[in-house]
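Examining the three-dimensional arrangement
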Amino acid sequence: MSAAIIDGKAFAEGLRARIATHAGEFAAKAGRKAGLAVVLVGEDPASQVYVRNKGKQTIACGMESFEHKLAADTSEADLLAVVEALNADPAVDGILVQLPLPGHMNEQKVIAAINPDKDVDGFHVVNVGRLSTGLPGFVPCTPLGCVMLLKDKLGSLEGLDAVVIGRSNIVGKPMAQLLIAESCTVTVAHSRTKDLPEVVRRADIVVAAVGRPEMVKGEWIKPGATVIDVGINRVPGTQEGKSRLVGDVDFASASAVAGAITPVPGGVGPMTIAVLLRNTIVAAHRNEGLALDESAI
Ligand code: NAD
């Protein structure tokens, strides 16, 4: 293996420590803690784990966590009423509705009901528009975390060729926008891309957000490139009955060629909640009209 390992777990720890400092200063100035509300509808086990972790980390950073757990058969109107109440609550700086929602609910309609200035997930169309026009808003947590890791490793990204594999609203598209804003030359590849290996071979930066275990092979990677693996895929483990997590990149072959690479687990994964908390402390300062050097967090 020649690639340097990009340690997202360590970076996320440092980020949470900076957030905790800002959260303490915010509470002293505002006379209240910054607050994050998380709404969970139904009992999806993975979502329950995410929500529990978000709550724990919010409190550990010195912020207030408000959890709203609603039954799976809650009506869309009742969920929208909860969102409206959170929009109006001055103790709530950030609102996150855990996705996916049950099938009888329209996710776009629910996201559209969140006040864009409390939309710390950055999924509201107003924030999508702000990102693409370069206005301050909120950026989806996973791609923002990827850019933080890239800048920490490479410094300026200006002029680099970046290939993003995946075009989802949550990862691929905002990732491409962020890389454009960093003055990269960006290619977005997806399920209909012709000759993906050849496209990836051009890239100084490869971001894989596909959801296919170990799809990106080492021989696709330009020697020395930086590889960010967003994928989280559970596959059968070496021991019977056990499973393990792998990314969208074949780590063994890619790490022999790349200059730097994120592992799975311990790469991009830990960044997502840390960036959510970062967006929440930013929202709190904006909501109270308090100064904060957002680029320094
Ligand atoms: P998605 O299913 O919404 O999108 C996948 C994208 O991959 C699509 O745009 C599709 O065009 C593309 N794709 C599918 N097959 C392809 C192929 N053969 N070649 C090239 N492109 C192909 O997924 P998502 O929500 O963007 O998530 C992607 C991965 O990232 C998943 O493994 C997910 O678990 C992971 N993820 C991790 C985090 C985190 O680290 N916190 C957050 C979000 C998503």
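Heads up: the structure comes first, above all this text.
Residues numbered from 1 in each chain as written. Predicted model: local features only at pLDDT ≥ 70, side-chain atom pairs only at ≥ 80, totals over all residues. Heavy atoms only, no water.

1. Regarding the overall build of the chain
Secondary structure summary: the chain contains ten helices and eleven strands in total. Computed over its C-alpha atoms, the radius of gyration of the chain comes to 19 Å, within 12% of the 19 Å expected for a compact globule of 297 residues. For the chain, the spread of C-alpha atoms along the principal axes amounts to about 55 × 45 × 35 Å. Long-range pairs, those at least 24 residues apart, make up 68% of the contacts in the chain between residues at least 6 apart in sequence. Surface exposure of the chain reaches about 13600 Å², of which carbon and sulfur atoms provide 53%. For the chain, the distance from the average site of its 29 positive side-chain charges to the average site of its 33 negative ones is 3 Å. (Helix = DSSP H or I, 4+ residues; strand = E, 2+ residues; numbered from the N terminus. Rg over C-alpha atoms; globule rule 2.2 N^0.38 Å. Contact = heavy atoms within 4.5 Å. Areas by Shrake-Rupley, 256 points an atom, 1.4 Å probe, with all protein chains shown as cover. Lys, Arg positive; Asp, Glu negative; His and termini not counted. Charge placed at Lys NZ, Arg CZ, Asp CG, Glu CD.)

2. A few points about the pairing of strand S3 (residues 64–70)
Put simply, side chains in a regular strand alternate between the two faces of the sheet. As paired strands, strand S2 (residues 35–41) and S3 are joined by seven bridges and run parallel to one another. Bridging from a neighbouring strand, Gly-35 pairs with Glu-64 of S3. Viewed along the sheet, the connection from S2 through helix H2 (residues 45–60) into S3 turns out right-handed. (Pairing = 2+ DSSP bridges. Right-handed = clockwise from strand over helix to strand, strands pointing away.)

3. As for the sheet that holds S3
Strands belonging to one sheet form pairs held by backbone hydrogen bonds; the direction of such a pair is parallel or antiparallel. One open sheet holds the three strands; their spatial order is S3-S2-S4, and the pairing between them is parallel. Looking at which strands have only one partner, the edges of the open sheet turn out to be S3 and strand S4 (94–97). Neighbour to neighbour, the strand axes of the sheet diverge by 15° on average, direction disregarded. Strand contacts of H2: S2, S3 and S4, with the helix running at about 160° to S3, the strand carrying the most contacts. (Axes fitted to C-alpha atoms, helices over the stretch in contact; angles between N-to-C directions.)

4. Things to note about the packing of aromatic side chains
As enumerated under the stated definition, the model contains zero aromatic pairs in all. One cation-aromatic arrangement involves Arg-18 over Phe-11; the distance from NZ or CZ to the ring centre is 5.7 Å. Sitting over the face of the ring of Phe-138, Arg-286 holds its NZ or CZ atom 4.7 Å from the ring centroid. (Phe/Tyr/Trp six-rings, centres within 6.5 Å; stacked < 30°, edge-to-face > 60°. Lys NZ or Arg CZ within 6 Å of the ring centre and 35° of its normal.)

5. Description of the packing of helix H1 (residues 8–30) against helix H6 (residues 141–154)
Across the interface, H1 lies against H6 with an axial gap of 11 Å and an inter-helix angle of 100°. Taken as axis vectors, H1 and H6 run roughly perpendicular relative to one another. Between H1 and H6, the contacting residues are Gly-8, Phe-11 and Leu-15 on the first element and Met-148, Leu-149 and Asp-152 on the second. Of the residues in the contact of H1 with H6, the class split is four nonpolar, one polar and one charged. (Parallel < 35°, antiparallel > 145°, perpendicular 65-115°, else oblique. Nonpolar A, V, L, I, M, F, W, Y, C, P; charged D, E, K, R; others polar.)

6. Some thoughts on the pattern of salt bridges
Under the definition given, this model contains nine salt bridges. Put simply, Glu-288 and Arg-32 hold a salt bridge, and the shortest N to O gap is 2.9 Å. Taken as a pair, Glu-288 in helix H10 (residues 269–288) and Arg-32 in the loop between H1 and S2 lie far apart in primary sequence, 256 residues in all. The exposure class assigned to Arg-32 is buried, which follows from its relative accessible area of 18%. (Salt bridge = Lys/Arg side-chain N within 4 Å of Asp/Glu carboxyl O. Buried < 20%, exposed > 50% of the residue type's maximum accessible area, 1.4 Å probe, protein only.)

7. Details of the site of the ligand
Neighbouring the ligand are 21 residues, the closest being Arg-167, Ser-168, Arg-212, Ile-232 and Thr-272. Within the contact set of the ligand, an oxygen atom lies 2.5 Å away from a side-chain nitrogen or oxygen of Ser-168. A distance of 3.1 Å separates an oxygen atom of the ligand from a polar backbone atom of Ser-191. Taking 860 Å² as the accessible area of the ligand by itself, protein coverage stands at 71%. Structurally, the ligand is housed in the largest pocket. By residue class, the composition of the shell around the ligand is nine nonpolar, ten polar and two charged. (Near = heavy atom within 4 Å. Polar contact = N/O pair within 3.5 Å; in protein donor to acceptor, adjacent residues only side chain to side chain. 1 Å grid on protein atoms, 1.4 Å probe; cavity = no way out; pocket = protein on both sides within 12 Å on 5 of 7 lines; lining within 4 Å. Sits in = over half its atoms within 2 Å of the grid points.)

8. Describing the sheet that holds strand S6 (residues 185–189)
The strand order across the open sheet built from six strands is S1-S11-S8-S7-S5-S6, with neighbouring strands paired in parallel fashion. Of all the strands in the sheet, just strand S1 (4–5) and S6 have a single pairing partner and so form its edges. In terms of strand pairing, strand S5 (residues 161–165) meets strand S7 (residues 205–208) through four bridges, oriented parallel. By the bridge assignment, Ala-162 is partnered in S7 with Ile-205. In the packing of H6 onto the sheet, contacts are made with S1, S7, strand S8 (226–229) and strand S11 (260–261), and the angle to S8 comes to roughly 155°. In the packing of helix H7 (residues 172–181) onto the sheet, the strands contacted are S5, S6 and S7, and the crossing angle to S5 comes to about 170°.

Everything listed is a geometric property; what it means functionally is a separate question.
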